[in-house]
Every structure is written in C-alpha cells, then in structure tokens.
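Architecture and fold: a report
One-letter residues, chain by chain:
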Amino acid sequence: MSFVKITEKAIIFDIQRSSLYDGPGIRTTVFLKGCPLNCLWCHNPEATDGNRQLSFHIEKCTFCGKCEDVCVNRVHQLTDGIHAIDFSQCLLCGKCVNACPSSALKIVGKWMTVDEVMQEVLADYDFYLNSGGGITISGGEPLWNLPFTLELLKRCKLVGVNTCVETSGFVSSLRFIEMLPYIDVLLFDYKMTGSAEYLKYTGVSNEVILNNLEIAHSQEVSIILRCPVIPGINDTDQHFEGILAIDRKFPNLKGIELLPYHRMGNSKRLGIGIEETLVSLETVPVELSIKWIERLNELGCSKVKLGVG
Amino acid sequence: MQKIDNFSMELNFTETYRKNINEHIAIREARCHKAQFPAVLSEIQENDRLAGRTFWGWVGFSPHNAPGGAAFGYFCHELKIIEAIERGNIPVEQRDAVHEMLHFWKKETSKAKVESAFTDKMIPVLFRDEIVSLPYNFKPLIANPIYRMAGVFLDYEKLLRLGIPGLIEEITEKMNVVKASGGDYQLFEGMLIALDVFIDSCKYYEKQAIEKAKAASNPQRVKELLQLAEVLKKNTISKPESFYEALQLSWLYTLMCGSLELGRVDVYLGDFYVHDIDNYVITEEEALSLMHSYWKLINDLFRDVDGRVIIGGRGRRNEANADRFALLVLNTIKTYGKAILPQTTLRFYEGMNPLLFEKSLDLIGEGHTFPLLYNDDVLIPSVAQAHDVPIEDAEQYMPLGCGEIVLDHMGFGTPSGSLNVLKALDVTLRDGIDPITGKRLGLPTGHLRDFKTFDEFFAAFKKQLAFFIEILADHEELEYVESGKQAPYLYLSMLYDDCIARGKGIFSGGIRYLGGSLESFGSVNAADSLTAIKKMVFDDKLISADQLIEALNNNFNGYEKEYKLLKESPKYGNDDAYADNIMVELHDFMCNTMRDQRERTNLDWYLNVLINNKQNTILGRWVGATPDGRKAGREMANGNTPAGGNDKNGITALLNSLVKPSPDIHAGAVQNLRFGKDVFACERDKLNALLNTYFKKGGAQAMITVINRGDLEKALVEPEKYQDMFVRIGGFSARYIDLPRDVQMEILSRVTY
C-alpha cells in the first residue's frame with residue numbers, strides 16, 4: 001500500500017513557471033526534493049535531502065529575536081548579533097517562520113499530489129503549445145522518487161504536454177527503461193570522466209549512469225548532455241576528451257551544454273546548516289567559459305554550447 | 001542684459017479677441033488665428049528639411065499644443081506672465097496692458113468658462129477652496145479635472161487629396177449653399193479665413209527659406225532650402241503631388257491646428273512615398289533624410305506624451321504601399337537614434353506582413369522603446385463593443401497620448417479627468433475622511449469596523465467610486481458644451497467627419513462621435529488592498545479591522561507582523577484566482593459604471609482608461625499606507641500592471657493575469673513588460689512564442705522595455721554614463737537619469753524577466 005502513497009504525493013521543492021533554459025520552448029520546471037548524489041559543487045543543496053527542511057536567509061534577519069521567543073525546542077539562539085540555529089532540533093512546526101517579520105525563515109519543501117502539480121503545470125498549456133515547451137521535472141534527482149515522477153509523466157503525456165527530465169542518470173536501469181516512453185527530452189548530466197573521479201566528487205560510481213545513457217540513446221530519446229564544469233576539478237583536457245568521446249559514441253545527442261560553476265549554492269548551504277564547499281572558488285567568468293567552448297571545438301566537439309544551470 | 005519679455009503678440013491676440021467679442025465665434029476664432037500665426041511660428045533651424053516650429057505665446061488659442069502644459073482652447077498662462085511681471089523686463093509701454101490682459105483672461109479663458117459653469121454638485125468636489133490654489137502635484141484629491149482637448153487625429157487623407165486650394169473650393173461651395181438657404185454660413189467664412197492664415201504661414205516660411213538660402217554658404221544647404229521654398233509655394237497653390245509636399249503640408253497643418261498626434265502616416269503618406277520611389281522622383285536615402293527631419297521636429301515638441309505615429313493594422317485602403325512606408329518608419333527609428341517622440345505605435349493582426357512585427361521586435365531588442373504593440377485582433381472587436389460603433393469604424397481606432405482610444409477623424413474623446421482609485425479606498429476605510437488632512441473627501445459610508453462582511457465593504461467602496469465617476473462624467477460633458485459655445489475649433493472642424501456636412505463646429509454638434517475618457521490610477525493597488533482585507537480581516541480573521549487601521553495610520557511601524565501578513569496576501573499578477581477575481585470585479589465595476597454614464601449625459605461614450613504616466617507616482621504621494629502593504633506616499637502600480645515586485649510567479653503567470661480584466665468595456669489599458677537583453681538576443685524564438693501566446697489569449701497591448709537591472713542600478717550611481725538609456729513609464733518614454741528618484745526606484749522595483 002505504501003507504493004500507492006508515494007505515487008500520489010511528493011515533496012516539491014519549487015515550481016518555476018516560464019523557464020526558458022531547461023529544455024525546448026517555454027517550460028514549467030518542477031523540482032523534487034531528494035538526491036542520492038552529493039556533488040561537491042551542487043547549486044541546489046536544499047534539494048539533496050529528501051525531507052522538508054528549515055532554511056534561513058541571514059541577510060534578511062533583523063535579529064529581532066521573535067523566532068527565539070516562539071520556539072520550544074530552542075532551535076534559535078540569538079546572542080551578540082549572532083543568530084545560531086540548531087537545525088537538528090527542528091521539528092518543522094513552522095512557528096518561527098510565521099513569527100519572523102522579515103521573512104528570513106522558511107520551510108523548504110511542500111507535499112503536493114500529482115493533481116496539484118498538474119493544475120499548476122496546465123496553467124501555461126497554451127504557452128507550451130506555441131513554443132514547443134512543456135514540463136521539466138528536475139530536482140534533486142527526479143528519478144529518486146520514481147513512482148511519482150512516472151505518474152506525473154504519464155499524466156502529462158495523456159494531455160499532450162511535452163516532457164523533459166533532468167537527471168544524473170543514477171537509477172536502476174530496469175526502472176529507467178520503464179520511464180523512457182514517457183520522456184520526450186532527457187537532460188542528462190555528464191559530470192566527470194573516469195569511475196574513480198565520479199565516485200570521489202559525487203559520491204556514486206558511474207557504471208549504471210553510463211549504461212542508462214546507452215539505453216536512452218538506443219531507444220532514440222532526444223538527449224541533451226549537460227556538463228557542469230568546475231575549475232580545478234574537471235576543466236581538464238582529460239575530461240573534455242571524455243565529453244568528446246561521449247559525443248562520438250552517441251551521435252544522436254541533440255546537444256551538449258556546458259554549465260559553468262557558480263557560487264550560489266554556498267549561501268544556500270549555510271542556510272540549511274551544512275558546510276560550504278569549494279570555499280575559495282569564484283563564479284566562472286563568461287570569458288573563461290567561452291575559452292572552454294573554444295577548446296572543445298578545437299578538440300572536435302561542435303555540438304557544445306553554453307547552458308544556464 | 002536680461003532678455004526683454006515682449007508681449008506684443010499676446011497683446012495683439014487679446015485685442016483681437018476683445019474687438020471681436022460679439023462677432024460670430026468662427027469669425028472671432030479665425031481673426032485670433034491671424035493674430036497668432038505666423039507670429040508664433042519660429043525659425044527654420046540649421047538642418048531642418050521641413051518648415052514648422054512653434055514658440056507659442058503665453059496667451060493664445062489651441063486645443064492641446066502650447067507651452068508649459070496643455071492648452072485648452074483660449075488659454076492664458078498666468079504663471080508665466082506673472083513671472084515676467086516680477087522679472088520687470090516688460091517694455092514700459094506694455095506694462096499696463098499686460099496687467100489688464102491678465103485680468104481680462106481670468107474670466108475669459110476656455111477653462112474659466114467651464115469652471116464658471118460648474119454645477120453645485122461639482123463645486124465641492126472639483127473646486128475645493130482650501131486646496132484649489134495648490135499646483136496639481138500637491139492636491140490630495142480623489143477626482144481631478146483635466147483641461148485639454150487631447151487626441152486630435154485629423155483626416156489627413158482628405159487634406160492631402162484636396163490640398164489647401166481644394167479645401168477652399170469645397171468650403172466655399174458649401175458656404176454658398178448654406179448662405180442661399182439662410183443658414184449659419186459664418187462658420188465657413190471663418191474656415192476660409194483660417195485657411196488664408198495657413199497660406200500666409202506657408203508664404204512666411206517660403207520667404208524665410210529663400211532668405212536663408214541666400215545667406216547659406218554650403219551649396220548642398222542652399223539647394224535644400226530652395227527646394228523647401230518651392231515645396232511651400234506649391235502647398236499654397238495646389239494639392240501635394242510629391243512625398244515631400246505631402247509631408248510638409250501634413251506637418252505644418254498638424255502644428256498650426258494645435259494637435260500633438262500624427263495618426264496613420266503609413267496610409268496618408270504611403271502612396272506618395274511609393275510613387276516617388278518607384279518613379280525615381282526620390283531616393284530611399286533622400287526619403288530617410290526627410291523622415292529624420294520630421295522625427296526631429298516631432299521630438300522637438302518637447303512633450304513626454306502624445307506624438308503618436310501609427311503604422312500597420314486593419315482598415316488601411318492601400319495596405320501594400322502603407323506597409324512599405326511603415327518599414328521606412330521602422331528604419332527611421334533605427335537610424336535616427338533614441339528619441340522621446342514620436343511614440344511610434346504598431347498595430348498588427350494575424351495575416352499582416354510579418355516583416356513589420358519582426359522588425360519592430362528587433363528594434364525593441366536593440367533597446368528602443370518603440371514601437372508600442374497593439375493587437376488589432378483583440379482591440380477592433382473590443383472597441384466596437386466598448387465604444388459601441390460599427391466594426392468598420394472600430395478599425396480606425398487610434399490610441400492617443402498615453403493610450404486612450406479614439407476614432408480617426410470621426411470620434412473625439414479627450415481624457416478630462418483623473419480618478420485616484422486608491423485614494424478613494426483610503427477614505428472608504430475611514431467613513432470618507434482623508435487621513436492626511438482630517439477633512440471629508442468622500443461620502444460617509446462607515447468605518448471598516450462597521451462592516452459585517454467583505455461584500456458590504458466592497459459595496460461601500462463602489463458607492464464612493466460611482467459618486468466621483470458621475471461628477472467627472474458631467475464635467476467632461478460640460479467641457480465640450482462650454483468649448484463648443486466659445487469656439488468652433490476651425491482647423492479641426494475642417495478635417496473631422498461630419499462637421500462640414502452638418503455645418504457645425506466639432507464640439508457644437510459637428511463631429512460624428514463625441515466621447516470621453518476617465519484616467520483611473522491605482523486600481524491594481526486598490527484591488528490588492530481589497531484582497532488583503534478580504535483575506536486577513538474577513539476570511540482568515542488574522543487581523544481585526546481596528547488593528548488594520550492602526551497599522552495603516554502608523555505606516556506599519558510597530559506592526560511588522562501585520563505588514564508581513566498583508567504583503568504575503570495574494571496579489572494580482574500571479575495567475576492566482578483569489579487576487580485576480582477581485583481585480584476583475586473592481587475592473588468590471590469601474591468600467592461598466594463609467595460606460596453607463598452615456599445614459600446620463602450626451603456623450604457617445606465615456607470610458608475608463610488604465611493608462612499610466614507619472615501620475616501613478618504623483619497621485620500616490622497623497623495616499624496613506626494601504627492594506628496591500630504599500631507604504632504611505634509611495635507610488636501606485638502602473639496601468640494594468642502589478643505593483644513592483646508583486647509578480648513573483650514568472651512571466652507566463654503575469655501574462656495569464658493580464659488577460660483576465662476584460663478589454664471590451666474600456667478605452668485602453670497599458671501593459672508594461674520588461675525583458676532582459678539576453679532574452680531578446682538569445683531566446684528570440686521563445687520570446688516570440690511568449691508574446692504570440694499572450695496576444696492569442698486576448699492580450700490587447702504591450703509596451704516592452706529591454707533593459708538590464710544592472711544598467712538601472714549603475715545609472716543611479718553614475719548617471720552621466722547613462723544619458724542614452726530610455727525607459728518606458730507606460731504611457732511614454734523618458735530618459736531614465738532625468739526622472740525623479742522615486743520614479744527611478746519604482747521602475748527599478750518592477751521585475752525584469
């Protein structure tokens with residue numbers, strides 16, 4: 001019975017209408033919470049954990065202390081202009097969120113049914129039709145909550161909404177095959193070249209991922225490869241040649257997008273009480289990303305262009 | 001040495017009016033034109049290819065165009081004259097006469113005539129003793145009268161088909177018929193005098209051009225000036241035969257008649273242009289050079305609104321030629337550089353030459369604020385419905401000034417009042433009392449705490465609005481009645497249907513449709529305030545009525561919790577039915593109440609316009625904190641666009657909300673959309689799809705600015721580097737750095753997509 005329940009509901013991290021950069025046309029991107037990977041450069045760290053979470057925006061905090069007053073679990077402690085938060089004690093009651101006059105606190109994630117998500121998605125139906133757009137299911141890792149995602153995909157196909165899934169590819173191949181008929185476009189991550197590196201930086205190994213890419217390619221799903229590029233980690237010729245090898249191996253790839261590193265994830269990390277990563281790494285300037293594109297072109301990879309991650 | 005303030009033109013004009021005070025109004029007006037022209041026509045400048053600039057006097061006659069603000073028939077710019085008196089540089093022999101002139105016009109201007117005819121019901125609302133002496137910007141009023149005859153769209157086709165000699169012939173014939181039958185022939189006599197004045201003005205410029213040619217050293221310039229003299233001469237003796245002659249004639253007539261709109265240039269100039277190009281009379285380069293001069297003259301009207309050049313759309317008899325001319329207009333925008341005027345307006349429909357729309361988007365993408373986009377497929381049926389006219393008349397709809405819709409040379413509808421909707425809400429919360437002055441501004445409909453249900457409160461608000469709408473509608477009618485009694489507006493009546501046929505002046509029963517419009521400001525904030533009241537006070541009961549009033553009276557200081565709840569209440573612009581439905585209900589009520597005024601008055605229509613100009617900022621200054629979370633004195637949302645920062649759900653959600661208020665019950669609503677440069681540059685297909693969908697879903701209009709938020713922020717810090725950055729404030733374009741800081745901040749606060 002628990003299976004049915006998962007199909008009905010999921011914790012949605014955000015729904016973004018008018019997305020122009022997550023697949024073809026004008027799209028509505030649905031972000032699911034929960035991801036089995038733990039990439040060092042993750043820019044959506046609040047979507048990693050599969051549960052709802054308290055989050056704090058320090059720049060909005062006025063240190064008024066109202067949150068401290070209402071919290072029975074002593075999650076908030078304000079002393080000498082420091083607002084300390086013990087996230088481990090938070091029971092997600094929401095009292096501090098309501099009490100905060102400056103909207104510095106919020107609960108990330110909201111339980112939603114497939115019906116509720118569909119209602120939001122269908123509001124822009126006409127825009128999809130005219131632009132070749134539709135839904136993009138992202139995360140987190142949308143395939144982590146496979147029953148919900150599958151149900152959502154089926155419902156979209158039923159009413160003619162173009163579907164796009166943004167995935168790391170880390171999912172059991174058996175289940176992956178089940179979903180493919182309902183996916184029009186796959187935004188498939190290619191993060192690192194080499195199994196050991198993959199494990200080192202993302203926490204999982206890449207065999208199943210590459211296998212899934214091969215399956216998707218053989219099923220003639222439209223695939224756009226998305227490659228996060230992190231200076232000092234994978235902006236190497238070795239990795240670029242890896243991208244080229246993928247391009248050669250899978251000639252039907254619709255495109256390859258480079259997603260240059262940006263720092264936005266770190267303030268979000270602090271907001272949910274986890275440590276910053278890549279502390280000294282700055283957001284990649286446009287000039288550098290253009291150099292990467294040029295390098296890939298030199299190597300013989302012509303499909304590559306700059307994406308917006 | 002200080003400049004002498006010479007008032008000889010004004011004194012001569014005044015003397016002429018006085019001498020003819022008991023003459024037929026047409027004769028009096030015609031003789032006044034003679035006193036005014038060519039005296040107020042100013043010199044042909046360095047690079048002008050066309051003749052026609054004005055330096056209007058401080059006294060004169062014009063429906064709209066005049067210095068220091070809008071004219072309204074016989075005008076007298078008291079402030080400027082008093083300034084001159086105080087400077088003490090008026091020639092000795094004129095001093096007594098200038099003082100006397102000031103006294104004379106005090107009760108004789110067209111505005112004074114209207115004010116003296118106010119009804120008892122109007123006086124306490126529109127003419128409050130304690131505040132009427134304040135300048136417009138300082139009036140905390142709900143209803144403000146506006147004096148100007150805006151939105152003149154002449155029958156240029158007729159003007160160019162007949163030329164001045166042809167017009168004289170037609171009018172003379174008509175005069176003889178009327179005279180023979182014992183009718184009021186003097187109207188036509190006045191028209192003929194006015195046309196003589198026009199001919200004199202052409203000759204005045206012809207002579208000037210020849211003199212300037214003699215003095216010029218550059219052979220190219222000599223040639224140009226002699227050519228101009230020839231064109232002006234031709235205008236006095238025959239109908240125009242070339243593009244140049246047609247352009248010159250239409251421009252000078254526009255200027256002298258006191259209009260500020262150019263109308264369907266592609267229709268009335270298209271055939272001339274195409275003929276001249278195809279027959280090698282003129283080169284593309286030469287045509288463009290003339291257009292640049294035309295653009296400069298329009299821009300030099302120094303207005304921030306009006307100056308509508310309209311291209312494209314249904315109902316053009318010569319569509320292919322008109323399209324070619326429209327492309328020349330777009331090329332003019334591109335090559336001229338940024339300008340405040342003209343406000344080029346593209347009307348489009350499904351099936352029109354797609355090049356016009358594409359090229360227009362290119363221009364917008366390059367950072368031009370023009371053209372403004374008007375969707376015929378929605379607007380023509382809407383105008384037919386709202387204005388209650390046949391479809392073929394609706395096809396000739398023209399947005400004037402900030403976007404009020406009238407009908408080309410057959411239907412006038414000047415906006416003669418403004419309604420501060422949010423101020424009306426401000427007082428409805430407090431039994432009709434203004435919280436700033438403590439004085440009664442509205443009807444005593446009770447305090448917020450007295451209402452048992454939200455619907456009761458909404459009903460009280462509607463009652464207040466209806467009260468002011470009726471007074472302003474009566475005022476519009478009165479403006480026309482008094483103006484019609486005082487003058488036939490000869491230059492307009494000659495080129496407006498059906499004045500000549502009926503033998504009557506435009507505002508004395510001559511025109512086919514005489515309508516009006518009311519500019520409403522703050523509707524979106526009022527709707528969001530109603531939503532917040534409904535949700536917080538009546539539905540969820542999280543804030544009591546008294547608590548809300550206290551929070552508002554204290555501008556939310558010490559009421560942070562209430563402020564947050566009010567800010568987080570649903571807002572219009574997010575495709576959220578809770579908020580959007582209230583906006584629609586308010587919109588329907590206001591539009592329908594105004595539209596119903598034609599039953600009470602003799603106006604053919606009286607319609608709401610949700611336009612925007614600076615008034616959303618100026619009128620907002622006198623509105624206290626409001627329940628939508630807007631703080632005291634802050635700007636109100638612009639037109640039909642959500643308040644800055646309130647649309648948080650993406651542009652598709654915004655567009656879905658924008659199409660909810662019905663377009664077929666009002667005379668124009670402005671939708672501002674801002675896009676980042678990147679969207680235009682990199683995602684053009686998606687942008688096209690976005691706009692297409694919006695227009696297909698019923699989007700009537702869009703004013704698009706392409707700007708980066710970073711640009712605006714940088715411009716605040718280093719204004720000197722951003723001289724060329726133009727932004728749209730709904731009804732008009734402005735140089736961003738020239739705007740007052742609060743207007744700049746308001747623009748900055750609007751979301752960029």
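Residues numbered from 1 in each chain as written. Chains lettered and ligands numbered in written order. Predicted model: local features only at pLDDT ≥ 70, side-chain atom pairs only at ≥ 80, totals over all residues. Heavy atoms only, no water.

**Here's the deal with the overall build of chain B**
Helix and strand counts for chain B come out as 33 helices and 18 strands. Expected size for 753 residues packed as a compact globule is a radius of gyration near 27 Å; at 26 Å, chain B falls within 12% of this value. Its C-alpha atoms give chain B principal-axis dimensions of about 80 × 60 × 60 Å. In chain B, the proportion of contacts linking residues at least 24 apart, taken out of those at least 6 apart, comes to 75%. As displayed, chain B offers around 26,700 Å² of accessible surface, 51% of which is attributable to carbon and sulfur atoms. (Helix = DSSP H or I, 4+ residues; strand = E, 2+ residues; numbered from the N terminus. Rg over C-alpha atoms; globule rule 2.2 N^0.38 Å. Contact = heavy atoms within 4.5 Å. Areas by Shrake-Rupley, 256 points an atom, 1.4 Å probe, with all protein chains shown as cover.)

**Describing the interface of chain A and chain B**
Listed as interface residues are 20 residues of chain A and, on the opposing side, 21 residues of chain B. In this assembly, chain A packs against chain B so that about 1,600 Å² is buried in total across both faces, 54% of it on carbon and sulfur atoms. Our enumeration of links across chain A and chain B arrives at two salt bridges. For the salt bridge of B:Asp575 with A:Arg17, the shortest nitrogen-to-oxygen distance reads 2.7 Å. Considering every element that reaches the side of chain A that touches chain B, the biggest residue donor is helix H5 (residues 125-131) of chain A, with four residues. Grouping the constituent residues of the side of chain A that touches chain B by class yields nine nonpolar, seven polar and four charged. (Buried area = accessible area lost by both parts, 1.4 Å probe. Salt bridge = Lys/Arg side-chain N within 4 Å of Asp/Glu carboxyl O. Nonpolar A, V, L, I, M, F, W, Y, C, P; charged D, E, K, R; others polar.)

**Concerning the state of the cysteines**
Residues and elements named next belong to chain A. Scanning the model with the defined rule gives zero disulfides over all chains in all. Cysteine Cys67 shares no disulfide, and the gap to the nearest cysteine sulfur, in Cys64, comes to 6.2 Å. The closest cysteine sulfur to the non-disulfide-bonded Cys71 is located on Cys93, 6.2 Å from its own sulfur. (Disulfide = S-S within 2.5 Å.)

**Points about the domain arrangement of chain A**
All names here are of chain A. Domain assignment breaks chain A into domain 1 (9-50 + 112-306) and domain 2 (53-108). Taking only C-alpha atoms, the centre of domain 1 and the centre of domain 2 are 32 Å apart. Every contact between the two is made by eight residues of domain 1 and, on the other side, six residues of domain 2. Both faces combined, the contact of domain 1 with domain 2 buries some 580 Å², and carbon together with sulfur accounts for 61% of it. Contact with domain 2 buries area across many residues of domain 1, yet Lys33, Gly271 and Ile272 alone supply 63% of it, more than any other trio. Linking domain 1 with domain 2 are zero salt bridges, by the criterion used here. (Domains from an automatic or database assignment.)

**A few points about the environment of B:Lys111**
Residue and element names in this part refer to chain B. Its location among the elements puts Lys111 in helix H5 (residues 110-116). Sequence separation of Lys111 and Phe72 is 39 residues, and the distance between their C-alpha atoms is 6.7 Å. The contact partners of Lys111, leaving out residues within four places of it in the chain, are Phe72 and Tyr147.

**Focus: the packing of aromatic side chains**
All names here are of chain B. A full pass over the atoms with the stated rule returns 37 aromatic pairs over all chains. For the ring pair Phe72 and Tyr147, a centre distance of 5.4 Å and an interplane angle of 70° mean the geometry is edge-to-face. With Phe72 in the loop between strand S3 (59-62) and strand S4 (73-76) and Tyr147 in the loop between strand S5 (143-145) and helix H8 (156-180), this residue pair connects regions lying 75 residues apart in the sequence. Centre to centre, the rings of Phe451 and Phe457 are 5.4 Å apart; their planes meet at 75°, and the pair counts as edge-to-face. Just as Phe451 is buried, Phe457 falls in that class too. An aromatic cluster is present here, built from Phe13, Tyr17, Phe61, Tyr74, Phe104, Trp105, Phe412, Tyr480, Tyr489, Tyr496 and Phe507 joined pairwise through their rings. (Phe/Tyr/Trp six-rings, centres within 6.5 Å; stacked < 30°, edge-to-face > 60°. Buried < 20%, exposed > 50% of the residue type's maximum accessible area, 1.4 Å probe, protein only.)

**Some thoughts on the sheet that holds strand S8 (residues 134-138) of chain A**
All names here are of chain A. Pairing within the open sheet is mixed, and its nine strands lie in the order S7-S1-S2-S8-S9-S10-S11-S12-S13. Of all the strands in the sheet, the pair left with one neighbour each is strand S7 (110-113) and strand S13 (304-306). Neighbour-to-neighbour, the strand axes of this sheet turn through a mean angle of 30°, independent of strand direction. With five bridges joining them, strand S1 (residues 9-19) and strand S2 (residues 27-32) adopt antiparallel strand pairing. The residue bridging Gln16 from the neighbouring strand is Thr29, located in S2. Its contacts with the sheet place helix H4 (residues 114-122) against S1, S2, S7 and S8, and it is angled at close to 85° to S7. (Pairing = 2+ DSSP bridges. Axes fitted to C-alpha atoms, helices over the stretch in contact; angles between N-to-C directions.)

**What about the environment of B:Leu361?**
Residues and elements named next belong to chain B. Relative to the helices and strands, Leu361 resides in helix H15 (residues 354-365). You can call Leu361 buried: its relative accessible area is 0%. The spacing of Leu361 and Leu687 is 326 residues in sequence and 9.7 Å in space, taken between C-alpha atoms. In this structure, Leu361 is in contact with Leu373, Phe680, Arg684, Asn688 and Leu691, ignoring residues within four places of it in sequence.

**Structural notes on the environment of B:Ile199**
All names here are of chain B. Mapping Ile199 onto the fold places it in helix H9 (residues 186-215). Residues Ile199 and Phe75 lie 124 residues apart in sequence; the distance between their C-alpha atoms is 24 Å. Look past the residues within four positions of Ile199 in its chain and what remains in contact with it is Ile164, Ile168 and Thr236.

**Examining a nonpolar patch on the surface**
All names here are of chain A. A cluster of nonpolar residues, Leu122, Leu158 and Val159, forms a patch on the protein surface that exposes about 280 Å² of accessible area. Assignment of secondary structure puts Leu158 in helix H6 (residues 146-158). Judged by relative accessible area, which is 72%, Leu158 ranks as exposed. (Patch = residues over 30% accessible without salt bridge, like charges linked within 9 Å, V, L, I, M, F, W, Y side chains within 5 Å.)

**What to know about empty space enclosed by the protein**
Residue and element names in this part refer to chain B. The full count for this structure, using the stated rule, is nine cavities of 30 Å³ or more. As a volume, the largest cavity reaches approximately 170 Å³. Looking at the largest cavity, it is lined by 22 residues, and the ones nearest its centre are Pro663, His666, Ala669, Gln671 and Ala700. Of the residues in the lining of the largest cavity, the class split is twelve nonpolar, ten polar and no charged. (1 Å grid on protein atoms, 1.4 Å probe; cavity = no way out; pocket = protein on both sides within 12 Å on 5 of 7 lines; lining within 4 Å. Points joined across faces, edges and corners; volume = space filled by probe spheres on them.)

**Structural notes on a positive patch on the surface**
A surface patch of positive charge is lined by A:Lys60, A:Lys106, B:Lys567, B:Lys631 and B:Lys648. Following the sequence through the fold, B:Lys631 ends up in the loop between helix H28 (615-618) and helix H29 (651-658). (Lys, Arg positive; Asp, Glu negative; His and termini not counted. Charge placed at Lys NZ, Arg CZ, Asp CG, Glu CD.)

**Some thoughts on the sheet that holds strand S6 (residues 308-312) of chain B**
Strands in a sheet are paired, the pairing made by backbone hydrogen bonds, and the direction either parallel or antiparallel. All names here are of chain B. Pairing is mixed across the open sheet formed by five strands, whose spatial order is S6-S7-S8-S16-S15. The open sheet has two edge strands, S6 and strand S15 (672-675), and neither has a second partner. Averaged over neighbouring strand pairs, the angle between their axes works out to 25° when direction is ignored. Pairing geometry for strand S8 (residues 372-375) and strand S16 (residues 701-706), over two bridges, is antiparallel.

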